[in-house]
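# Reading the structure
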Amino acid sequence: MDTLIKNLGAIVGPNNVLSKPDELLVYECDGLPHHKYRPRAVVFPSSTEQTAAVMKELARAQVPFTPRGAGTGLSGGALALNEGVVVELARLRQILNIDAENRLAVVQPGVVNLHVSRAAARFGLYYVPDPSSQPTCTIGGNIAEGAGGIHCLKYGTTTDHVLGCTVVLAGGEVVELGGAGVESTGHDLLGTFIGSEGTFGIVTQATLRLVQNPPAIRTLLAEFAEVNDAGHAVSAIIAAGVMPAALEMMDHEIIRAVEASVFAAGLPPDAGAALLIELDGIEAGIDDEAARVTDICMEFGARNCRAARDETERKKLWAARKGAFGAIGRISPDSMIQDAVVPRSRLPEVLAAAYDIAKKYELKIANVFHAGDGNLHPLICFDSRFPDQVKRVKEAGRELMEVCVSAGGTITGEHGVGLDKRELFPLVFSENDMSAMLQVRSAFDPIGLCNPGKIIPMLRGCGEGRAVAELPTNGSSVSSQVFAGVQPSLPKVTHHPPFIVGRAQSNVGSIVGAEHVLSEGRNSLVAWPGSIEEVSEVVKLAAAEGWTIAPAGNMRWLKTRYKSSANLIVSTTRLNRIVEHEPADLITVAEAGVKLIDLNKTLATNGQWLPLDPPDDGSVTIGGVVAMGMGGNQQYGYGRPRGSVIGMRVVLADGSVINVGGRVVKNVAGYDLCKLFTGSRGSLGIITRLNFKLRPRPVEQQTIGTTGKLFDLIRIGQQLLADRLFPVAVEILSAKLATQLQMETPDQQPVLLIRYAGTDKGVSWQTKQTVAALSQRHLPPSLIADDVELWKSLGSFPVTKSRDFSCRVSLLPSKVAAFFESFTDADLTHAIWQLGVGDGRLRFMGHALSNSFESFSEVAHKLGGSCILEEAIDVDVNEVSKITPLMQRVKQQLDPANTFSS
């Protein structure tokens, strides 16, 4: 131990290593003091390089470690088990850059959450995730835990607002995850990393998404005599198509505690419950929305519902809500904070069950929680001086989690599993599910030293989650990447019989039915399984025979690659059932073969939709949409598929079936493998069922068009976004593309399209503002008569008119003009292309541009962007994809025999 301390001190400086017992006392627990483990030492690196050197030294000594930020976590996740070392990131606390033009912040992990918004405030921007510990918790801790907060109902959690990370893995390997503001190629390892609770590696730098401060805010306080009534009102508000920025509930006990504390805000002390509801957006129409919410609350039994008088009262109300956890000490010497999520529609019955459980165990329970997304935070009150009470608290807590899970929920929405809920993990996930998670964990941490003993209840000491044997995807030799002296063993070589079409067709036909198998040539078949069980059996057969598989939907994308690289194409189009749609929960569950257009037709009957618009001619399946991970024309306003998927069922390379995620909109139980499979193009498994979070359908949609010189259109588009308008799409079409869509293009100039969606008043006001702005700049505005048909035609174009070549470039918006300046007018005047002004997304289409792919790629990379080949007859996708060693390790863990062609 003395040698280790000395070596760590040589890296970071002797004063930056703590090892004396009295110095370590404060690090033996986090914000949940019920679990205590004293570390062997605490080390304070102050750079990525120092962190990597520390990790190498710990790997050499085979000593486990635990990353730690401010220690505000509530799951025991920052505790160093096995006499491990705490790697404390408090010295990495610089805000490195605020890029207002691209709405980005680059920060170190020790930066306090609230400090990011304060630094961005002078630009009219802020960082959305706002946990109750916002004044003290750090960005690194938020990333580790997948933190949420009060305003994540409308805007999403940490995973939706972190764009890139520099990460140091166990052993000292430094990797870049994500695109730091641009789309990255390959598997979404950033999304998989976020919420991994320090078990994958240590963040040393993060790029965050900033958003505009909303022009208008209305905060309402609704008082109810009964908690049950408040719970029903929550579901009714969501089902009515209202999307509040925040929707919080406090029960009588919490109100009493808060009003007795320094956070007193004039909450009604005799109320059974109170709802704190915040609406935001543009001024036009927001009062109508507030009136609608008020009417719903009154309809469901509210005694009254009033708006905050001014900004001072608004801040006071939110301070009371965020101070609730601290205020609980007014009514109890100790409390156990729980964290679970249930479907919104089940809130009343689960709350009733919570109070019954407290009564059963003779305990007091107080509820304060994120009601809008069903994220419960019951506080079980007790006195730790009495062992019997402590025992009853633990029993009550477990029973409460069981109730939440049986209601279709999960065991944690934002606090994490950590050590505290590790033994509850099997309530949510099966052995197969947990095994897959451990395999992914092994790819990030082959030597098992990174925060061992957390999340998954399969304790293996320091070797937890060690890597399984690695088989290189090229089949030539074992990976040369060796971590801390751990060399993976060679797999056994299995000799498979040659692929004989007739024999294979007969064997597959015996599973799916002979009429659902078709020969595609000498070395390929297409099979259409009719159930998830049939998919599993087909994959097991393929694994045993050594066949390669290409998962597919309707095979609209990369069809040429499928034909040339797989023995068996497994299409999911017969898996076409919509399993569930619950309007009050804003979720749907459907099989992968359901067409996106059909799903949205069904959802429309309840005024909801899945807001994805990938390239689609009406035949694209939801499984294909998610597997490709591709956004569309309105991804600026609605995002890409990764933000809409909350759960899925996947068949892995050995035929095992796993469930990842869940059916609630907020969930950090386990690793977010939904992100890993989304955009994986079927290279890791076959997606067979999907759970989505939905949005209310906009009441009104309107598109304004204009023509002009390209750089003028880019400038006006960017200016509109800076003018606190909120379009869902700002697209520029080349003259040739516009012409093919039957749009007028005077002088062969490109066309700018701006689309708004929302309430009648909101869309009308923004449309008038846009028309005025265009007219002021002498650009001729026109309102598109058939808005829906235009965007439908634009969305179908890439899959109906340009099947021979398409690629997409991703840049920071500020770099778009420079990209076009790299090419002459002659290069692009007669080309088919489309530019998303808001997110720097370009798509080039048509065989005439296939020879330009290398030029596009070269210029994009020089400008810090990326270029992704979507479809080409004569270009091998594998040759242009960037497969990093970490991506390869993930592939080797989940598909060691390379069954799924990639």
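Residues numbered from 1 in each chain as written. Predicted model: local features only at pLDDT ≥ 70, side-chain atom pairs only at ≥ 80, totals over all residues. Heavy atoms only, no water.

The subject of this paragraph is the overall build of the chain. For the chain, the helix and strand inventory stands at 31 helices and 39 strands. Against the compact-globule benchmark of 29 Å for 902 residues, the chain has a radius of gyration of 27 Å, which places it among compact chains. Expressed along its principal axes, the backbone C-alpha trace of the chain runs to roughly 75 × 70 × 55 Å. When the accessible surface of the chain is split by element, carbon and sulfur atoms take 50% of a total near 33,100 Å². If you average the places of the 85 positive and of the 96 negative side-chain charges in the chain, the two averages end up 2 Å apart. (Helix = DSSP H or I, 4+ residues; strand = E, 2+ residues; numbered from the N terminus. Rg over C-alpha atoms; globule rule 2.2 N^0.38 Å. Areas by Shrake-Rupley, 256 points an atom, 1.4 Å probe, with all protein chains shown as cover. Lys, Arg positive; Asp, Glu negative; His and termini not counted. Charge placed at Lys NZ, Arg CZ, Asp CG, Glu CD.)

Let us look at helix α13 (residues 347–360). The terminal C-alpha atoms of α13, which comprises 14 residues, lie 20 Å apart, in line with the 20 Å expected from a rise of 1.5 Å per residue. Along α13, the positions that sit buried rather than exposed are Leu347, Pro348, Val350, Leu351, Ala353, Ala354, Ile357 and Ala358. Against the buried residues of α13 lie α8 (227–239), β13 (246–251), β18 (364–369), β19 (375–376) and α14 (387–406). (Expected span 1.5 Å × (residues − 1). Buried < 20%, exposed > 50% of the residue type's maximum accessible area, 1.4 Å probe, protein only. Contact = heavy atoms within 4.5 Å.)

Let us look at the pairing of strand β3 (residues 65–68). Judged by which residues are buried, β3 turns out to be covered on both faces: Phe65 and Pro67 on one side and Thr66 and Arg68 on the other are all buried. Here β3 pairs with strand β4 (residues 85–88) via four bridges, running parallel. Looking across to β4, one finds that Arg68 is bridged to Glu88. (Pairing = 2+ DSSP bridges.)

With 93% of its residues at a pLDDT of at least 70, the chain reaches an overall mean of 92. Scored below 50 in pLDDT, residues 459–491 shows 69 contacts in the model against residues more than four places distant or in partner chains. Here residues 877–881 is modelled with pLDDT under 50, and outside its nearest four sequence neighbours on either side it reaches eight contacts, counting other chains as well. (pLDDT = per-residue confidence, 0-100.)

Under the criterion given, the structure shown has 41 salt bridges. Between Glu414 and Lys666 there is a salt bridge, and its shortest N-O distance comes to 3.0 Å. Pair noted here: Glu414 is in the loop between α14 and α15 (431–444) and Lys666 is in the loop between β29 (657–661) and α22 (673–677), with a separation of 252 residues, a long-range link. Given the relative accessible area of 2%, Lys666 is considered buried. (Salt bridge = Lys/Arg side-chain N within 4 Å of Asp/Glu carboxyl O.)

With that settled, the discussion passes to the nonpolar core. Judged by nonpolar contacts, the single largest core of 125 residues is most densely connected at Met648 and Phe677. Excluding residues that lie within four positions of it along the chain, Met648 makes contacts with Val626, Ile658, Asn659, Val660, Cys674, Phe677, Thr678, Ile687, Arg689 and Leu690. The next biggest cluster of nonpolar side chains, apart from the first, holds 40 residues, and it includes Val730, Leu828, Ala831 and Leu869. (Core = buried A, V, L, I, M, F, W, Y, C linked by side-chain atoms within 4.5 Å.)

Below, the discussion takes up the packing of helix α16 (residues 501–512) against helix α17 (residues 532–545). Two elements in contact, α16 and α17, have axes whose closest approach is 9 Å; the angle formed by their N-to-C orientations is 155 degrees. With respect to each other, α16 and α17 are oriented roughly antiparallel. When the axes of α16 and α17 are compared, the crossing they make is right-handed. Where α16 approaches α17, its residues Arg503, Asn507, Val508, Ile511 and Val512 are matched on the opposing element by Glu534, Glu537, Val538, Leu541 and Glu545. Of the residues belonging to the contact of α16 with α17, the class tally is five nonpolar, one polar and four charged. (Axes fitted to C-alpha atoms, helices over the stretch in contact; angles between N-to-C directions. Parallel < 35°, antiparallel > 145°, perpendicular 65-115°, else oblique. Left-handed = near helix turned anticlockwise from the far one by under 90°. Nonpolar A, V, L, I, M, F, W, Y, C, P; charged D, E, K, R; others polar.)

At a closest axis distance of 10 Å, the pairing of α13 and α14 adopts a crossing angle of 160 degrees. With respect to each other, α13 and α14 are oriented roughly antiparallel. In this structure, α13 meets α14 at a crossing whose hand is right-handed. Where α13 approaches α14, its residues Val350, Ala353, Ala354, Ile357 and Lys360 are matched on the opposing element by Ala396, Glu399, Leu400, Val403 and Cys404.

With that settled, consider the sheet that holds strand β34 (residues 751–758). The eight strands lie next to each other as β35-β32-β34-β33-β37-β38-β36-β39, forming an open sheet whose pairing is antiparallel. Only two strands of the sheet have a single partner each, and these edge strands are β35 (782–783) and β39 (866–872). The pairing of strand β32 (residues 700–707) with β34 spans eight bridges and is antiparallel. If you follow Gln701 over to β34, its bridge partner there is Ala757. This element, helix α23 (residues 710–722), spans β32, β33 (729–733), β34 and β37 (832–836) of the sheet and lies at about 180 degrees to β33. Strand contacts of helix α29 (residues 853–862): β36 (805–810), β38 (841–845) and β39, with the helix running at about 160 degrees to β39, the strand carrying the most contacts.

A few words now on the environment of Val579. Topologically, Val579 is positioned in strand β25 (residues 578–582). Residues Val579 and Glu402, 177 residues apart in the sequence, show an inter-C-alpha distance of 24 Å. Beyond its immediate sequence surroundings of up to four residues, Val579 is in contact with Val589, Ala590, Glu591 and Arg689.

With that settled, the discussion passes to the side chain of Asp787. Checked against the element boundaries, Asp787 lands in helix α26 (residues 787–800). Separated by 2.3 Å, the side chains of Asp787 and Arg755 make a polar contact. If sequence neighbours within four positions are ignored, Asp787 has contacts with Gln701, Gln702, Thr703 and Arg755. (Polar contact = N/O pair within 3.5 Å; in protein donor to acceptor, adjacent residues only side chain to side chain.)

Turning to the packing of aromatic side chains, a few remarks are in order. Under the defined criterion, the tally for this structure stands at 16 aromatic pairs. Relative to Phe823, the ring of Phe819 has its centre 5.2 Å away and its plane inclined at 50 degrees; by these criteria the two rings are tilted. Considered together, Phe819 and Phe823 belong to a single accessibility category, that of buried residues. Ring geometry for Phe820 and Trp833: centres 4.9 Å apart, planes at 50 degrees, overall tilted. Here Phe820 is found in helix α27 (residues 816–821), whereas its partner Trp833 is found in strand β37, with 13 residues between them in sequence. What makes Phe820 buried here is its relative accessible area of 4%. For Trp833, a relative accessible area of 4% translates into the label buried. (Phe/Tyr/Trp six-rings, centres within 6.5 Å; stacked < 30°, edge-to-face > 60°.)

This paragraph deals with the sheet that holds strand β1 (residues 17–18). Pairing between sheet strands relies on hydrogen bonds along the backbone, with the strands arranged either parallel or antiparallel. Taking strand neighbours across the sheet as the criterion, the four strands line up as β1-β2-β4-β3 in an open arrangement whose pairing is mixed. If you trace the sheet from one side to the other, it starts and ends with β1 and β3, each paired once. Most of the contacts of helix α3 (residues 48–61) go to β4, to which it runs at about 175 degrees, and overall it touches β2 (41–43), β3 and β4.

Between its first and last C-alpha atoms helix α11 (residues 311–322) spans 16 Å; for twelve residues at 1.5 Å apiece the expected length is 16 Å, and the two agree. Those residues of α11 that sit buried are Glu313, Arg314, Leu317, Trp318, Ala320 and Arg321. Taken around the axis of α11, the buried residues stretch over an arc of 155 degrees, which confines them to a single face. Within α11, the exposed residues directed more than 90 degrees away from the buried face are Thr312 and Lys315. A side-chain oxygen of the first residue of α11 lies 3.2 Å from the backbone nitrogen of Thr312; this N-cap is Asp310. (Arc of directions from axis to C-beta.)

Attention shifts here to unusual backbone geometry. Even without being glycine, Asn451 reaches a positive phi, approximately 45 degrees. Of note, Asn451 is situated in the loop between α15 and α16. One non-glycine residue, Gln742, lies in the positive phi region at around 60 degrees. With respect to the helices and strands, Gln742 occurs in the loop between α24 (735–740) and β34. By relative accessible area, Gln742 is classed as exposed at 71%.

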